[in-house]
Amino acid sequence: MHKYQGLHRIVIVGGGAGGLELATRLGRTLGKKKKAEILLVDARMTHIWKPLLHEVAAGSLNSYSDELNYLAQANWNHFRFQPGTMSGLNRDKQIITLAPAFDNTGAELLPERTIHYDSLVISVGSHTNDFGTPGAQEHCLFLDSREQAERIHHHLISRSLHYVSGEEGPQRTNIAVIGAGATGVELTAELHNAANLMVRYGLEQNSGEMQLTLVEGSDRVLPALPKRISKGVQAQLNKLGIHTLTGTLVSEITADGIKTRSGEMIKTDLTIWAAGIKGPEFLQNLDSLESNRINQLIVKPTLQTTQDENIFALGDCASCTISGKDGDFTIPPRAQSAHQQASLLAKNLTRKLNNQELLDFKYRDHGSLISLSSHSAVGNLMGNLMGDVMLEGWMARLFYLSLYRLHQMTLYGFWRTGMLIAKDLLERSTTPKLKLH
Ligand SMILES: Cc1cc2nc3c(=O)[nH]c(=O)nc-3n(C[C@H](O)[C@H](O)[C@H](O)COP(=O)(O)OP(=O)(O)OC[C@H]3O[C@@H](n4cnc5c(N)ncnc54)[C@H](O)[C@@H]3O)c2cc1C
């Protein structure tokens, strides 16, 4: 491990929507002034904002142009980066363990290592929860990482290649997405848009050749959001010709499709599982830190874990319950939660260094916007002045896009974000609207 500079060392594990914002903020303050040493650890070398993954899967976004290299970000913002996958924790010795790393051939690149911390932040996110459904791991594709999103895209392109070569091929592609939460709905709408673009580029004969089905266990799409958003989104999905099956519980996935609890068989060529989340397995019984049944670490409103005040957790891997005006409320696993928690932790870790009392997390629900691909979005915005406003169409789409721009603003600052927007506009006018390979 690198030389320990004698400064208070803050180790942040997981550079996602929350962790990378936190490392950047702390680097620019404590790191720059040499008041603390900030070290970010991530299993990957680059960051991509997870809410963009459905666009990568559909091919409407080239993931390589929107990823950020951790080493470069660390260099620009006065923190250090160490690649590695956290696998263990020793609270007495205040060390975390990183698993050995291997290359594609299985040769060891890095041995198992340990890193000492004074304060530790765990922000390792979540992955899809298949609830142990038989056949899901073998026959479904998931949307947890760039590689998985790209697998979905390659699948789509390879099924359509025969049109370009003029060969006989499958007549119709049946794609089912399980889970009509925000991820499932956005992915289905994006795939619909991709199907239309594929026709334009000669990869399909007509847009009816991709049948999209959205399968949901509860009685409406977007069950976690207000009913009027579900209604608005359902109307848009109907307009796009997307088949929605609500109140349908999945019992098994096979190579041919989905078996439902009521005994029906839905035939599919491609099944994508987008329902539910859970934290990584290693968080269960992590040196006696308290966790829940979906592997999230239980944290106090200060975002400190309940068993150890030097260990914090934020984002999807943390379960934080706070009191609201309607009673106790558990913070939802969303990018806006991770963003707000990163802002609070930047303050709290500075206060901890100065021996000041820590602040409690206060969640500001800014509303929910669901993107229905490039032209539209549906959702509500919550504001102090306006109250709860329902939005639809290009206006909602504009606010939806601003979520990502806010994330970029925290990472790059105002001017560089402006230049990135200009670059994106230029790129969009000079490259195909769909990734064609
Ligand atoms: C397709 C999709 C669309 C979404 N759309 C929206 C949306 O529109 N609005 C919204 O609010 N939310 C949305 N979400 C949810 C949002 O992406 C998450 O809530 C948010 O990314 C959580 O942030 P996080 O920092 O907790 O974790 P993540 O952003 O997932 O980051 C976790 C990081 O930890 C790293 N990591 C994992 N395990 C380890 C380990 N053992 N050791 C080291 N590093 C590790 C990962 O490489 C990753 O960089 C969407 C999610 C998906 C999948």
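Residues numbered from 1 in each chain as written. Predicted model: local features only at pLDDT ≥ 70, side-chain atom pairs only at ≥ 80, totals over all residues. Heavy atoms only, no water.

1. Let's talk about the packing of aromatic side chains
Short version of the rule: Two aromatic rings, drawn from Phe, Tyr or Trp (for Trp, its six-membered ring), form a pair once their centres lie within 6.5 Å of each other, and the interplanar angle then sorts them: stacked below 30 degrees, edge-to-face above 60, tilted otherwise. Counting from the N terminus, the helices are DSSP H or I runs at least four residues long and the strands are E runs at least two residues long. Accessible area is worked out with a 1.4 Å probe on protein chains only. A residue is then buried under 20% of its type maximum, exposed over 50%, and partly exposed in between. A ring is scored as having a charge over it whenever the NZ atom of a lysine or the CZ atom of an arginine sits within 6 Å of its centre and within 35 degrees of its normal.
Within the structure shown, the criterion is met by 5 aromatic pairs. Between Y70 and F81, the ring centres sit 4.9 Å apart and the planes meet at 20°, which makes this aromatic pair stacked. Placement of Y70 in helix α3 (residues 70-76) and of F81 in strand β5 (residues 80-83) is noted, with a sequence separation of 11 residues between them. Residue Y70 shares its accessibility class with F81, and that shared class is buried. An aromatic cluster is defined as three or more aromatic residues linked by ring pairs; in this entry it consists of F329, F361 and Y363. Above the plane of the ring of W76 lies R416, whose end atom (NZ or CZ) is 4.2 Å from the centre.

2. Some details on the pattern of salt bridges
The condition that has to hold: By salt bridge we mean one thing: a side-chain nitrogen of Lys or Arg within 4 Å of a carboxyl oxygen of Asp or Glu.
Per the stated rule, a full pass over the model turns up 10 salt bridges. Between E281 and K278 there is a salt bridge, and its shortest N-O distance comes to 3.2 Å. On the basis of relative accessible area, E281 is assigned to the partly exposed category, the value being 44%. When salt bridges that share partners are traced, they join R9, E37 and R80 into one network.

3. Looking at the site of the ligand
Note the cut-off: We call a residue near a given molecule or strand whenever any one of its heavy atoms falls within 4 Å of it. Counted as a polar contact is a pair of N or O atoms within 3.5 Å, where, for protein atoms, one must be capable of donating a hydrogen and the other of accepting one, and residues adjacent in sequence contribute only when both atoms are in side chains. Only Asp, Glu, Lys and Arg are considered charged in this grouping, and only Ala, Val, Leu, Ile, Met, Phe, Trp, Tyr, Cys and Pro are considered nonpolar; every other residue, Gly among them, is considered polar. What marks off one domain from the next here is an automatic or database domain assignment.
Taken together, 31 residues lie near the ligand, and G18, D42, M86, D316 and A335 sit nearest. Between A43 and the ligand, the recorded distance is 3.2 Å, taken from a backbone N or O atom to a nitrogen atom. Put simply, the parts of the chain that give the shell around the ligand at least two residues each are α6 (182-200) and α8 (335-353). Taken together, the residues of the shell around the ligand sort by class into 13 nonpolar, 12 polar and 6 charged. Residue contributions to the shell around the ligand reach at least three from each of two domains, namely domain 1 (9-126 + 279-353) and domain 2 (129-275).

4. Let's talk about the environment of R113
For clarity, the threshold we go by: Note on definitions: a residue-residue contact is assigned when non-hydrogen atoms from the two residues lie within 4.5 Å.
Here R113 lies in strand β10 (residues 113-116). Of the residues examined, R113 reaches a relative accessible area of 14% and is grouped as buried. R113 has contacts with Q82, P83, G84, I96, T97, L98 and A99, leaving out every residue within four places of it along the chain. Within the structure, R113 has its side chain in polar contact with the backbone oxygen of A99 (distance 3.3 Å).

5. Regarding α8
Selection rule: Helices are assigned an expected span. That span is 1.5 Å times one less than the residue count.
Given a rise of 1.5 Å per residue, 19 residues ought to cover 27 Å, and the 27 Å separating the end C-alpha atoms of α8 matches this to within 8%. All of the buried residues along α8 are Q336, S337, A338, Q340, Q341, A342, L344, L345, A346, N348 and L349. Contact partners of the buried residues in α8: β1 (8-13), α1 (19-31), β11 (119-122), β24 (308-313), β25 (318-324) and β27 (367-371). Backbone geometry just downstream of α8 places N355 in the positive-phi region, at approximately 55°.

6. A word on the sheet that holds β10
Strand-to-strand pairing in sheets goes through backbone hydrogen bonds, with the strands running parallel or antiparallel. Operational definition: Pairing between strands requires that DSSP locate at least two bridges from one strand to the other. Note on geometry: axes are lines fitted to C-alpha atoms, helical ones only across the stretch in contact, with angles between N-to-C directions running from 0 to 180 degrees.
The sheet built from 3 strands is open, its strands ordered β6-β7-β10 with antiparallel pairing. The open sheet is flanked by β6 (86-90) and β10, the only strands paired with a single partner. For this sheet, the mean inter-axis angle between neighbouring strands, taken without regard to orientation, is 25°. Bridge count for β6 against strand β7 (residues 95-98) is 4 bridges, and the pairing is antiparallel. Of the residues in β7, the one forming a bridge with N90 is I95.

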